[in-house]
Amino acid sequence: MSDEEDEKPRHFHEMELDDRILKAIAKLGWLQPTMIQEKAIPLLLEGKDVLVRARTGSGKTAAFAIPVIQRILCSKKLATEQAIKALILAPSKELCHQICGVVKDLTYKCSREVRCIDIAPQVDLSVQKPLLVEKPDIVVGTPARTLQHLKAGNLNLKKSLEMVVVDEADLVFSFGYEDEIKELMGYMPKIYQAILASATLSNDVKNLKSLILHNPVTLKLEEPDLAPASQLTHYHLYAEEMDKAAILCSLLKLHLIRGKTIIFVNTVDKCYKIKLFLEQFAIPTCVLNSELPAAIRCHSVNQFNQGIYDIIVASDEKSLEDPGTKKEEPAKKSKRKKDKESGVSRGIDFQCVANVINFDFPQDTQAYIHRAGRTARGNNQGSVLSFVSLKEKQLLEKVEKKIRQGENDESVFKTYQFKLNEIEAFRYRAKDAWKAVTRIAVREARLKEIKMEIFNCQKLKSYFEDNPTDLNILRHDKALHTVKIQQHLADVPEYIVPPTLKSLTGIARKGKRKREHFNTSGSSSSKFEVKKSNPLLSMQFEGFKKKKKKQNT
Ligand code: AMP
């Protein structure tokens, strides 16, 4: 911590917060503030400008949301008219949606007094105008969207605004919002309290700091980028593409992966390739990438957080975070328009993720850290399993060099022991299933996803109610070449279960029960109720462990 070393309150109730906020915090089950909340909330309540550097998952959203709500509740006691008091800017629509969700959770006991709207969704400005006319207390939006409303005269912040927050400030710049931020400043009042939250304190953030903050307190949490090894275990395993697919499929079908899992790949096409591949084994997954419309992405993350899906396949959209890469690689990128205001791996709160699987190894250490940061959040345990091809070996070595820990500066990576020859039958099946996912099938799957979005869109739903013929045309416009489902692939007959696992899983027996095919979560009562504290430990073949005693704990 750079400043303010004096004693800070250890509990929320020592922070002189409104009772309604304390009740909401209790409902969320937060027993005590996270480190960043403990430091930032008192400073913000004193009215100071603050620059917060904290890693994703540190609880920084509530660190700024709680003081914002508190300040609004206080000013309401004296206020005579309704006014917009706080503006929260974030670089992507997902983040805006998430921040608004946190504010709503924290104001559930005072939702009439403190109203918050998210203007990030790309609907027509006129749709959001009436919401802004009502002057909600808190407005959340991307810089570009907020500027559009300001220019259209739908928003007037000059008279009433008291607080400005910029979340994930480093991304705000790399998403190309610099000009918008500068322009936005012209619409701000002369005096306001400002908060910048960022995972890194880059030069860009320093520029933003001088633009927005006045004599700020800088909070640099001396936190490592990643949770400690006692909480987050890193495994790696060498395999080429085909074997990666076979191993992934066998781990899932044999229920050796427990809990919610994010599978990361490096391209959007690969997302669909994995989805279609696993679909053939009756393993349902949900896809997340920046080409999908915001509504679908938010819906997917929400459903994942609600436990409707156990597996998300996500492409790490590095180009969105790093404009340099974007400039170098335009030719390689897809022709379909990408959404500047969308990002997948940074800042988005995937809740209670037990495992991160890097099917493709991330392109650099930062990306590895971002992906790994999706798990082991709060006080939860988590694991990262990286599949590494020969080509990717160098990338692993780079990451290994950067993330070392302990007195001996040891590598955090453990070798994940996996006997490929024990899953020969899986390999055989996986090979066919992998080949069946052709480029056409991938393209069709991407189209299908877009179609689904249209069906899901509330606005179009009512349009189709009035124009049913249009709906028929849309439904019949193109036959989808989905990958042919072969029913036998969904089953796990006893003869393909590795000998070392047969006595443990009872999978052959359970295979007859339909639900088992879909259930990779920890809810099964199988003998695999093991090592809940570290889900991926349960992936190791017991028999193998006996043979290689203590080699890999
Ligand atoms: P954030 O860094 O704001 O994205 O928060 C990461 C996660 O931590 C979210 O799922 C929050 O619900 C959770 N969280 C925030 N504050 C606390 C707290 N004081 N205790 C426990 N969990 C928290």
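Residues numbered from 1 in each chain as written. Predicted model: local features only at pLDDT ≥ 70, side-chain atom pairs only at ≥ 80, totals over all residues. Heavy atoms only, no water.

Engineer: What is the right way to look at the confidence of the model for the protein chain in this model?
Structural biologist: Detailed reading of the predicted coordinates is not advisable wherever pLDDT is low. Across the protein chain, the average pLDDT comes to 78, with 74% of residues at 70 or higher. Averaged over each element, pLDDT in the protein chain is lowest for helix 24 (residues 514-518) (29) and highest for strand 4 (residues 138-141) (97). Here residues 1-5 is modelled with pLDDT under 50, and outside its nearest four sequence neighbours on either side it reaches twelve contacts, counting other chains as well. The low-confidence segment residues 318-337, where pLDDT is below 50, has 25 contacts with residues more than four positions distant or belonging to other chains. (pLDDT = per-residue confidence, 0-100. Helix = DSSP H or I, 4+ residues; strand = E, 2+ residues; numbered from the N terminus. Contact = heavy atoms within 4.5 Å.)

Engineer: So what exactly am I meant to see when it comes to unusual backbone geometry here?
Structural biologist: Among all residues except glycine, the phi angle is most often negative; among peptide bonds, the trans geometry is most common. Even without being glycine, Glu 16 reaches a positive phi, approximately 55°. Within the fold, Glu 16 resides in the segment before helix 1 (19-28). Phi angles above zero are rare outside glycine, and Lys 135 is one such case at about 55°. Structurally, the position occupied by Lys 135 is in the loop between helix 5 (125-133) and strand 4.

Engineer: Please clarify how the pairing of strand 5 (residues 163-166) should be interpreted in this entry.
Structural biologist: Consecutive side chains along a regular strand alternate between the two faces of the sheet. Alternating residues of strand 5 divide into Met 163 and Val 165 and Val 164 and Val 166, and every residue in both groups is buried. Relative to strand 5, strand 2 (residues 86-89) runs parallel, the two being bridged by four bridges. Residue pairing for strand 5: Leu 89 is matched across the bridge by Val 166. Sheet analysis places strand 5 next to strand 6 (residues 193-198), joined by four bridges and oriented parallel. When the bridges of strand 6 are listed, Val 165 appears paired with Ile 195. (Buried < 20%, exposed > 50% of the residue type's maximum accessible area, 1.4 Å probe, protein only. Pairing = 2+ DSSP bridges.)

Engineer: I would appreciate a short explanation of the pattern of salt bridges in the present structure.
Structural biologist: Two side chains bearing opposite charge may form a pair once their charged atoms approach each other closely. Under the defined criterion, the tally for this structure stands at 18 salt bridges. Ionic pairing is found between Arg 427 and Asp 243, a salt bridge with its closest N-O pair at 3.0 Å. Of the two residues, Arg 427 is situated in helix 17 (residues 424-436) and Asp 243 in helix 10 (residues 241-253); the sequence distance between them amounts to 184 residues. According to the relative accessible area criterion, Asp 243 is buried, its value standing at 17%. Through salt bridges with shared partners, a single network forms among Asp 18, Arg 20 and Glu 113. (Salt bridge = Lys/Arg side-chain N within 4 Å of Asp/Glu carboxyl O.)

Engineer: So what exactly am I meant to see when it comes to a positive patch on the surface here?
Structural biologist: On the surface, Lys 398, Lys 401, Lys 402 and Arg 404 cluster together to form a positively charged patch. Of the residues forming the positive patch, the biggest block, three residues, is contributed by helix 16 (residues 393-402). Inspection of the secondary structure assignment puts Lys 398 in helix 16. (Patch = residues over 30% accessible without salt bridge, like charges linked within 9 Å, V, L, I, M, F, W, Y side chains within 5 Å. Areas by Shrake-Rupley, 256 points an atom, 1.4 Å probe, with all protein chains shown as cover. Lys, Arg positive; Asp, Glu negative; His and termini not counted. Charge placed at Lys NZ, Arg CZ, Asp CG, Glu CD.)

Engineer: It is not clear to me how the nonpolar core should be interpreted in this structure. Could you clarify?
Structural biologist: Side chains of a nonpolar character, in soluble globular proteins, are inclined to be buried together. Membership of the largest hydrophobic core comes to 49 residues, with the highest contact counts inside it found for Leu 248, Phe 277 and Phe 359. Only strand 8 (232-238), helix 10, strand 9 (260-265), helix 11 (268-279), strand 11 (311-315), strand 13 (382-388), helix 17 and helix 18 (439-456) provide two or more residues apiece to this core. In contact with Phe 359, other than residues within four places in its own chain, are Glu 241, Lys 244, Ala 245, Leu 248, Ile 263, Phe 264, Val 265, Lys 270, Ile 274, Phe 387 and Trp 434. Residues Phe 12, Ile 41, Val 52 and Val 217 belong to the second largest nonpolar core, which totals 45 residues. (Core = buried A, V, L, I, M, F, W, Y, C linked by side-chain atoms within 4.5 Å.)

Engineer: Mind showing me how you'd approach the packing of aromatic side chains here?
Structural biologist: To describe a pair of aromatic rings, you give the distance between the ring centres and the angle between the ring planes. Following the criterion strictly, the structure yields seven aromatic pairs and no others. For the ring pair Tyr 235 and Tyr 416, a centre distance of 5.5 Å and an interplane angle of 80° mean the geometry is edge-to-face. Taken as a pair, Tyr 235 in strand 8 and Tyr 416 in the loop between strand 16 (413-415) and helix 17 lie far apart in primary sequence, 181 residues in all. Joined through ring pairs, the aromatic side chains of Phe 277, Phe 281, Phe 359, Phe 387 and Trp 434 make up one cluster. (Phe/Tyr/Trp six-rings, centres within 6.5 Å; stacked < 30°, edge-to-face > 60°.)

Engineer: Looking at this structure, how should I read helix 11?
Structural biologist: It helps to recall that an α-helix has 3.6 residues per turn; residues three or four apart then point in one direction. Between its first and last C-alpha, helix 11 extends 17 Å over twelve residues, near the 16 Å set by a 1.5 Å rise per residue. Burial analysis of helix 11 places ten of its twelve residues in the buried class, the great majority of the element. Every buried residue of helix 11 is listed here: Val 268, Lys 270, Cys 271, Tyr 272, Lys 273, Ile 274, Lys 275, Leu 276, Phe 277 and Leu 278. (Expected span 1.5 Å × (residues − 1).)

Engineer: I keep staring at the packing of helix 10 against helix 11 and nothing clicks. Help me out?
Structural biologist: Taken N-terminus to C-terminus, the directions of helix 10 and helix 11 make an angle of 50°; their axes are 11 Å apart at the nearest point. One element, helix 10, and the other, helix 11, form an angle in the oblique class. Of the two elements, helix 10 crosses helix 11, and the hand of that crossing is right-handed. Contact with helix 10, carried on its side by Glu 241, Ala 245, Leu 248, Cys 249 and Leu 252, involves Lys 270, Ile 274, Phe 277 and Leu 278 of helix 11 and no other residues of that element. In terms of residue class, the contact of helix 10 with helix 11 is built from seven nonpolar, no polar and two charged. (Axes fitted to C-alpha atoms, helices over the stretch in contact; angles between N-to-C directions. Parallel < 35°, antiparallel > 145°, perpendicular 65-115°, else oblique. Left-handed = near helix turned anticlockwise from the far one by under 90°. Nonpolar A, V, L, I, M, F, W, Y, C, P; charged D, E, K, R; others polar.)

Engineer: Looking at this model, I keep getting lost on the UniProt feature "domain: DEAD-box RNA helicase Q" (unreviewed entry) in the protein chain. Mind explaining?
Structural biologist: Taking the UniProt record as the reference, the feature "domain: DEAD-box RNA helicase Q" (unreviewed entry) is found at residues 10-38. Between the end C-alpha atoms of residues 10-38 there is a gap of 7 Å, over a span that is 48% helix and 0% strand. (UniProt positions renumbered as here; feature names shortened; annotations may be inferred.)

Engineer: Help me out: how do you make sense of the sheet that holds strand 4 in this one?
Structural biologist: Backbone-to-backbone hydrogen bonds join strands into a sheet, with any given pair of strands oriented parallel or antiparallel. Pairing is parallel in the open sheet, where seven strands are placed in the order 3-4-2-5-6-1-7. Taken across any chain shown, the strands that pair with only one partner, and hence form the sheet edges, are strand 3 (116-118) and strand 7 (217-220). Across the sheet, the mean angle separating the axes of adjacent strands is 10° when strand polarity is ignored. Sheet strands touched by helix 4 (residues 93-106): strand 2, strand 3 and strand 4. Its angle to strand 3, the strand with the most contacts, is close to 165°.

Engineer: What should I look at first to understand the sheet that holds strand 10 (residues 286-288) in this one?
Structural biologist: Within the open sheet, the seven strands sit side by side as 10-11-9-12-13-8-16. Their pairing is parallel. Edge positions in the sheet fall to strand 10 and strand 16, since each has one partner strand and no second. On average, each strand axis in the sheet is tilted by 25° relative to the strand beside it, whichever way the strands run. Of the pairings in the sheet, the one linking strand 9 to strand 12 (residues 353-358) comprises five bridges and is parallel in character.

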